[in-house]
Amino acid sequence: MKQKITIKTIAKELGVSSSTVSKALKDSHEISKETKERIQAYADHYNYKPNHLALQLRNQKTKVIGVILPKIVHHFFSTVISGIEDGANKKGYNIMVCFSNESYKKEVETLKVLSNGSVDGIIMSIARETLQNKDYDHFKGIVSEEIPFVLFDRVVDEILCDKVVVNDVGAGYKATKHLLENGRKKIALITTPNHVNVGALRRQGYEKALIEQYININTELIVEIDETKSIKPQIEKVFENDIDGVFAVNEIYAANAMRIAKELGKSVPNDISIIGFTDGLISEYSSPSITTIAQHGFTMGQQAVDLLIQRIENDAIDFRPKKIVISSDLKLRESTKSM
């Protein structure tokens, strides 16, 4: 008995993309005659039949947009959701929000469920574990099936889809430069592991600002946080060094740094200046309040959903991936001041 095959099976066996198989079976002029004949022969041999139910579901408009987020604890993601919902509702769409919980497996499963016709398009930020694994085949499948798809914040260049990001290098540079202008020279960086691209990019900005001032990069002042473990003890290690400034790539890390500084009897900002990332309630209501980089999550959400709806409602337009880069702003508060 011959095996039941799919477009992905044919693509894998013949060493071509799923998109090529799909177009060949539709007799597209974009595919060469030789390739079309080879693919059609293979499909005929295994009695391939397209899944008409799935195609029918996909071609029907649900007026629902799927959103997949890594987690909800960060203020940034909640503001992005607000922006997506605002933009979607204005165009007559509703949103369905799911969470990968930073898990590759959960991300793959959720993407599979949403792509079966439940939603008209998908907006997502990539899970930490996926970035670590560097396995993006589930995204390539979505793109090859021509499902409208937008990545935001955590993105990868390998995926040919629309993207909305913050200028993370510029933001890291802006934050570090502000500390340097405050007279700080020994600035610690509290960041994510390097495979999380937003943290890696902010680190580039941090290093650029230091190098411009002829300050050597001291790796002992850089701590990469493993969030599967307790955060506070990891940050405490950097305080074993003689530091007078801290740049943290999110407000949770910044709040932990300020707590540790106080426990060590240091005055913020007199002895040590602290700057965080994401302008949330933690930063605003900490004592002292925390200077931060505002990411404009609401705007990012609006931009992402606008791009997605354009794709959903304009199928005939030639696909050329767009990348929108949003500038960040420095919001000055009590945790930094000129010396």
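The model shown is predicted, which means the values in this text are computed figures rather than measured ones.

The rules we used
- Residues numbered from 1 in each chain as written.
- Predicted model: local features only at pLDDT ≥ 70, side-chain atom pairs only at ≥ 80, totals over all residues.
- Heavy atoms only, no water.
- Axes fitted to C-alpha atoms, helices over the stretch in contact; angles between N-to-C directions.
- Helix = DSSP H or I, 4+ residues; strand = E, 2+ residues; numbered from the N terminus.
- Parallel < 35°, antiparallel > 145°, perpendicular 65-115°, else oblique.
- Left-handed = near helix turned anticlockwise from the far one by under 90°.
- Contact = heavy atoms within 4.5 Å.
- Nonpolar A, V, L, I, M, F, W, Y, C, P; charged D, E, K, R; others polar.
- Buried < 20%, exposed > 50% of the residue type's maximum accessible area, 1.4 Å probe, protein only.
- Arc of directions from axis to C-beta.
- Polar contact = N/O pair within 3.5 Å; in protein donor to acceptor, adjacent residues only side chain to side chain.
- Salt bridge = Lys/Arg side-chain N within 4 Å of Asp/Glu carboxyl O.
- Pairing = 2+ DSSP bridges.

With their axes 6 Å apart at the nearest point, helix 5 (residues 75-90) and helix 14 (residues 297-313) run at an angle of 40° to one another. Judged on the interaxial angle alone, helix 14 and helix 5 are oblique. Taken as a pair, helix 5 and helix 14 cross one another with a handedness that is right-handed. From helix 5, Phe76, Thr79, Val80, Ser82, Gly83, Ile84, Asp86, Gly87, Ala88 and Lys90 reach across to helix 14, where they touch Gly297, Phe298, Met300, Gly301, Gln302, Val305 and Ile309. Across the contact of helix 5 with helix 14, the residue classes tally to eight nonpolar, seven polar and two charged.

Looking at helix 6 (residues 104-114), one finds that the buried residues are Glu107, Thr110, Leu111 and Leu114. With its buried residues spanning 100° around the axis, helix 6 presents them on a single face. Within helix 6, the exposed residues directed more than 90 degrees away from the buried face are Lys105, Lys112 and Val113. Contacts made by the buried residues of helix 6 are with strand 1 (64-69), strand 2 (94-99), strand 3 (121-124), helix 7 (128-133), helix 8 (137-144) and strand 4 (149-152). Of the residues flanking the start of helix 6, the one acting as N-cap is serine 103, its side-chain oxygen 3.3 Å from the backbone nitrogen of lysine 105.

With that settled, consider the pattern of salt bridges. Inspection of every chain in the model, using the stated rule, returns 18 salt bridges. One salt bridge connects arginine 128 with glutamate 227, and the closest N-O pair in it is separated by 3.5 Å. Residue arginine 128 is found in helix 7, and its partner glutamate 227 is found in the loop between strand 7 (222-224) and helix 11 (231-238); the two are separated by 99 residues along the sequence. Overall, the relative accessible area of 12% leaves arginine 128 in the buried class.

Pairing in this open sheet of six strands is parallel, and the strands run 2-1-3-4-5-11 from one edge to the other. Since the sheet does not close on itself, it has two edges, and those belong to strand 2 and strand 11 (323-326), each with one partner. Here the strands of the sheet are splayed against their neighbours by 15° on average, with no regard to which way each runs. Bridging between strand 5 (residues 162-166) and strand 11 involves four bridges; their strand directions are parallel. Bridging across to strand 11, valine 165 finds its partner in valine 325.

This brings us to the sheet that holds strand 7. Taken in spatial order, the six strands line up as 7-6-8-9-10-12 in an open sheet, and their pairing is mixed. The sheet is open, and its two edges are formed by strand 7 and strand 12 (329-331), each paired on a single side. Strand-to-strand twist in this sheet, taken as the mean axis angle between neighbours without regard to direction, amounts to 15°. Bridge analysis of strand 10 (residues 291-294) against strand 12 gives three bridges, and the strand direction is antiparallel. Bridge pairing links alanine 294 to aspartate 329 in strand 12. Across the sheet, helix 12 (residues 251-263) lies against strand 6 (187-191), strand 8 (245-248) and strand 9 (273-277), angled at about 160° from strand 9, the strand it touches most.

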